[in-house]
Amino acid sequence: MGRTNRQDESSQLPRRAVLRAGALLALGGAAAPLTGCGLFDRDEEPPQPDPLAPLLDESLRLAAGLRAAATVHPDLAARLVPLAESHEAHAAELARLTGVTTASATPTASPSGPPPGDQSAVLAALRQSERAGRESAIQACSAAPAERAALLGSVAAARATHLEALR
């Protein structure tokens, strides 16, 4: 009864292998119909861009316009460079918040302005850009979740202040 001989031991190994193979086939056969229903599909929709991405681009565009004007009109640099730095600081914080690097966040349009010799026209164009930027920051602030509202309020307030500095 408790005897085992070599023939019995050798016959158990193939039986175990057959049982393991059968279990694997059963599991594989049960999972096969699930692959067609999307359970194992990993094709997810691409992530949507952050709603603050346009504000980030706009901050970079405003900073570039101010720096370009300061380059063309060096006598305005003392007024314009701090405003550009403010936009760049906001862009850096928006980039951090949205998970975008500022190197990959480039303005969609290059700054364009009036002829280099006309300072009043340059300042008027910069004021118009700041006014449009302030409005977009206000809209973003009112639509943003609470954790983003403080930053967006700061951006809107800074842009309103820039309007005064450009008078």
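Structure report, in brief. (Residues numbered from 1 in each chain as written. Predicted model: local features only at pLDDT ≥ 70, side-chain atom pairs only at ≥ 80, totals over all residues. Heavy atoms only, no water.)

**Describing the overall build of the protein**
Point 1. Assigned secondary structure in the protein consists of five helices and zero strands.
Point 2. The buried share of the protein, reckoned over its 167 residues, is 26%.
Point 3. A separation threshold of at least 6 residues defines the contact pool for the protein, and within that pool the share at least 24 residues apart is 74%.
Point 4. When the accessible surface of the protein is split by element, carbon and sulfur atoms take 58% of a total near 10800 Å². (Helix = DSSP H or I, 4+ residues; strand = E, 2+ residues; numbered from the N terminus. Buried < 20%, exposed > 50% of the residue type's maximum accessible area, 1.4 Å probe, protein only. Contact = heavy atoms within 4.5 Å. Areas by Shrake-Rupley, 256 points an atom, 1.4 Å probe, with all protein chains shown as cover.)

**Here's the deal with the environment of A68**
Point 1. Mapped onto the fold, A68 is located in helix α2 (residues 53-72).
Point 2. Accessibility expressed as a relative area gives 35% for A68, which makes it partly exposed.
Point 3. As for A68 and V81, which are separated by 13 residues in sequence, their C-alpha atoms are 9.7 Å apart.

**Some words on the side chain of H162**
Point 1. Turning to its location among the elements, H162 is positioned in helix α5 (residues 146-165).
Point 2. Among the residues examined, H162 registers a relative accessible area of 4% and is labelled buried.
Point 3. A distance of 3.3 Å separates a polar atom in the side chain of H162 from a polar atom in the side chain of E130.
Point 4. Those residues in contact with H162 that sit more than four places away from it in its chain are L83, S86, H87 and E130. (Polar contact = N/O pair within 3.5 Å; in protein donor to acceptor, adjacent residues only side chain to side chain.)

**As for helix α3 (residues 77-98)**
Point 1. The terminal C-alpha atoms of α3, which comprises 22 residues, lie 30 Å apart, in line with the 32 Å expected from a rise of 1.5 Å per residue.
Point 2. Of the positions making up α3, those classed as buried are L80, L83, A84, H87, H90, A91, L94, A95 and T98. Projected onto a plane normal to the axis of α3, the buried residues spread over an arc of 140° and lie on a single side. Looking at α3, the residues exposed on the side facing more than 90 degrees away from the buried face are A78 and R96.
Point 3. Buried residues along α3 sit against α2, α4 (119-143) and α5. (Expected span 1.5 Å × (residues − 1). Arc of directions from axis to C-beta.)

**Describing the packing of α2 against α4**
Point 1. Packing of α2 against α4 brings their axes to within 11 Å, and their N-to-C directions diverge by 165°. Of the possible angle classes, the one that applies to α2 and α4 is roughly antiparallel. In terms of crossing hand, the pair formed by α2 and α4 is left-handed. Counting all contacts with α2, which are made through L55, E58, L62, G65, L66 and A69, the residues of α4 involved are V122, L126, S129, E130, A132, G133, S136, A137 and A140.
Point 2. Of the residues that constitute the contact of α2 with α4, the class distribution is nine nonpolar, four polar and two charged. (Axes fitted to C-alpha atoms, helices over the stretch in contact; angles between N-to-C directions. Parallel < 35°, antiparallel > 145°, perpendicular 65-115°, else oblique. Left-handed = near helix turned anticlockwise from the far one by under 90°. Nonpolar A, V, L, I, M, F, W, Y, C, P; charged D, E, K, R; others polar.)

**Describing the pattern of salt bridges**
Point 1. Overall, the coordinates contain six salt bridges when judged by the stated rule.
Point 2. A salt bridge links R96 to E93, with the nearest nitrogen and oxygen atoms 2.5 Å apart. One end of the pair, R96, and the other, E93, are both in helix α3, three residues apart, so they sit about a helical turn from each other.
Point 3. By relative accessible area, R96 is classed as exposed at 55%.
Point 4. Classification of E93 as partly exposed rests on a relative accessible area of 28%.
Point 5. A salt bridge links E164 to R167, with the shortest nitrogen-to-oxygen separation between them at 3.2 Å. (Salt bridge = Lys/Arg side-chain N within 4 Å of Asp/Glu carboxyl O.)

**Regarding the nonpolar core**
Point 1. Counting 14 residues, the largest nonpolar core has L55, L56, L94, A137 and L152 as the members making the most contacts within it.
Point 2. It is α5 that contributes the most residues to this core, four residues altogether.
Point 3. Counting 12 residues, the second-largest nonpolar core is a separate cluster that includes A63, A70, L76 and L166. (Core = buried A, V, L, I, M, F, W, Y, C linked by side-chain atoms within 4.5 Å.)

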